[in-house]
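Descriptive structure summary
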Amino acid sequence: MNLQPKYKIYPSLLDKFEQYLRADEQVESFWNIDNETGEYKRSPDEIEAELKQSLIDSINRVPFESEAADKGTAFNAIIDCYVHSMKHTPDARNPYTIVGDEETNTIQVAFPATDIAPARHFLFDRSWCIEQARYFAGALSQVFISAILPTCYGNVELYGYIDELLRDIVYDIKSTSKYEFGKYGHGWQRHVYPYCLITSGQMESVKAFEYTAYQLKGGTSRTPLISGTQYPEYYTYNHEQTVKLLTAHCEHFIEFIEANKEFITDKKIFGLG
């Protein structure tokens, strides 16, 4: 049987596509409706076009700058350092530096300036970070996974990195400025990662997937140290159900990809490169 993938897809793209399909929810959200007039601040067409362009940009790997994303990356890296009692070594993929100071109870993460983003510095509460790392004690971190998903349009290679894998539970660390219960309920990592672990033969079964969300606070001139509150979002894993859901969503996404092929400049999604 030929398992050569016709498409290569990672879960963030499936999430972006999910957001695009749910454009109506953004149209009707409270922040898009004027309190005085009751009219939309942005039209349905504008929101759909914006979500579509964001999806195309993600497929094409267009660089973007985001302080929130860098802050999340910094926190995740700190957790990994404490889980494995190791120091971070900057490299091309992770160019930031991490310096902890026990006397001042701080951890500073510094991102160098790039072509699209200024240099950034984040100051975390060291004691708080150590406490959060204990939650993942004994975990494997940044586990690369990959597996084939057969679809009616050909084989799809699903791939990505698991933040933390502890026994038979998969964890993905999320940071946010505001958390509401069920925030990640439509996320696809909770399907892709366990599916890949089982289908690739790395594990016989997966009990559950948890989005370990942290609502961060601090990082201001008045409250410089960043800390936060943990909100575990736990989903029991059902492999048969995931196969059905993943197959349907990937096939729908492939239809979108093929319909918009002229706008896709990065061919990796087509199994190339």
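This text follows the structure it describes.
This section reports on the structure supplied with the text. (Residues numbered from 1 in each chain as written. Predicted model: local features only at pLDDT ≥ 70, side-chain atom pairs only at ≥ 80, totals over all residues. Heavy atoms only, no water.)

**Describing the pattern of salt bridges**
By the definition in use, this model includes seven salt bridges. With a closest N to O distance of 3.7 Å, Arg61 and Asp266 form a salt bridge. In this pair, Arg61 is assigned in the loop between helix H3 (44-59) and helix H4 (67-83) and Asp266 in the segment after helix H7 (239-259), connecting sequence segments 205 residues apart. Residues participating in the shared-partner salt-bridge network are Glu65, Asp70 and Arg120. (Salt bridge = Lys/Arg side-chain N within 4 Å of Asp/Glu carboxyl O. Helix = DSSP H or I, 4+ residues; strand = E, 2+ residues; numbered from the N terminus.)

**Some remarks on the side chain of Glu210**
Relative to the helices and strands, Glu210 resides in strand S8 (residues 208-217). Buried within the structure, Glu210 lacks any salt-bridge partner; Lys207 is the closest side chain of opposite charge, at an N-O distance of 10 Å. Within the structure, the side chain of Glu210 is placed 2.7 Å from the side chain of Thr212, a separation counted as a polar contact. If we skip the residues at most four places from it in the chain, Glu210 touches Tyr135, Val170, Tyr171, Asp172, Pro232, Glu233 and Tyr234. (Buried < 20%, exposed > 50% of the residue type's maximum accessible area, 1.4 Å probe, protein only. Lys, Arg positive; Asp, Glu negative; His and termini not counted. Polar contact = N/O pair within 3.5 Å; in protein donor to acceptor, adjacent residues only side chain to side chain. Contact = heavy atoms within 4.5 Å.)

**A word on empty space enclosed by the protein**
Scanning all chains against the criterion turns up one cavity of 30 Å³ or more. Volume-wise, the largest cavity comes out at about 50 Å³. Along the walls of the largest cavity sit Lys8, Tyr10, Leu13, Ile59, Arg61, Tyr159, Asp266, Lys268 and Ile269, which together make up its complete lining. Here the residues of the lining of the largest cavity are counted per class, giving five nonpolar, no polar and four charged. (1 Å grid on protein atoms, 1.4 Å probe; cavity = no way out; pocket = protein on both sides within 12 Å on 5 of 7 lines; lining within 4 Å. Points joined across faces, edges and corners; volume = space filled by probe spheres on them. Nonpolar A, V, L, I, M, F, W, Y, C, P; charged D, E, K, R; others polar.)

**Some remarks on the nonpolar core**
Formed by 48 residues in total, the largest nonpolar core has its most connected members in Ile9, Leu158, Leu246, Phe253 and Ile269. Elements represented by at least two residues in this core include exactly strand S1 (7-9), helix H1 (11-21), H3, strand S5 (140-151), strand S6 (154-166), helix H6 (189-199), S8 and H7. For Leu158, the contacting residues outside a window of four places in its chain are Ile9, Ile145, Ser146, Ala147, Leu149, Val192, Tyr195, Cys196, Leu246 and Cys250. (Core = buried A, V, L, I, M, F, W, Y, C linked by side-chain atoms within 4.5 Å.)

**Overview of the layout of surface pockets**
One number sums up the size of the second largest pocket: a volume of about 270 Å³. For the lining of the second largest pocket, the secondary-structure elements that each account for two or more residues are H4 and strand S2 (97-101). Tallied by class, residues from the lining of the second largest pocket come to seven nonpolar, two polar and two charged.

**Here we look at the state of the cysteines**
Taken as a whole, this structure holds zero disulfides when the rule is applied. Left without a disulfide partner, Cys129 is nearest to the cysteine sulfur of Cys81, which lies 10 Å away. According to the relative accessible area criterion, Cys129 is buried, its value standing at 0%. In this structure Cys152 is a free cysteine whose sulfur lies 11 Å from that of Cys250, the closest cysteine sulfur available. The class of Cys152 is exposed, set by a relative accessible area of 56%. (Disulfide = S-S within 2.5 Å.)

**Structural notes on the packing of H6 against H7**
Between H6 and H7, the shortest axis-to-axis distance is 10 Å and the interhelical angle comes to 115 degrees. The interaxial crossing formed by H6 with H7 has left-handed handedness. Along its contact with H6, which presents His191, Val192, Tyr195, Ile198 and Thr199, the element H7 presents His239, Thr242, Val243, Leu245 and Leu246. Its residues placed into classes, the contact of H6 with H7 shows six nonpolar, four polar and no charged. (Axes fitted to C-alpha atoms, helices over the stretch in contact; angles between N-to-C directions. Left-handed = near helix turned anticlockwise from the far one by under 90°.)

**A short note on a negative patch on the surface**
On the surface, a cluster of negative charge is contributed by Asp24, Asp45, Glu46 and Glu48. The greatest single-element share of the negative patch, amounting to three residues, is contributed by H3. According to the relative accessible area criterion, Glu48 is partly exposed, its value standing at 36%. (Patch = residues over 30% accessible without salt bridge, like charges linked within 9 Å, V, L, I, M, F, W, Y side chains within 5 Å. Areas by Shrake-Rupley, 256 points an atom, 1.4 Å probe, with all protein chains shown as cover. Charge placed at Lys NZ, Arg CZ, Asp CG, Glu CD.)

**Quick word on H4**
Over its 17 residues, H4 extends 24 Å from the first C-alpha to the last, a length consistent with the 24 Å expected when each residue adds 1.5 Å. Along H4, the residues classified as buried are Asp70, Gly72, Ala74, Phe75, Asn76, Ala77, Ile78, Ile79, Asp80, Cys81 and Val83. The first or second residue beyond H4 is Ser85, which carries a positive phi of 50 degrees. (Expected span 1.5 Å × (residues − 1).)

**What to know about H7**
Over its 21 residues, H7 extends 30 Å from the first C-alpha to the last, a length consistent with the 30 Å expected when each residue adds 1.5 Å. Thr242, Leu246, Thr247, His249, Cys250, Glu251, Phe253, Ile254, Phe256 and Ile257 are the residues of H7 that are buried. Structurally, H7 contributes buried residues whose contacts are with S1, H1, H3, S5, S6 and H6. With a side-chain oxygen positioned 3.2 Å from the backbone nitrogen of Glu240, the residue opening H7 is Asn238.

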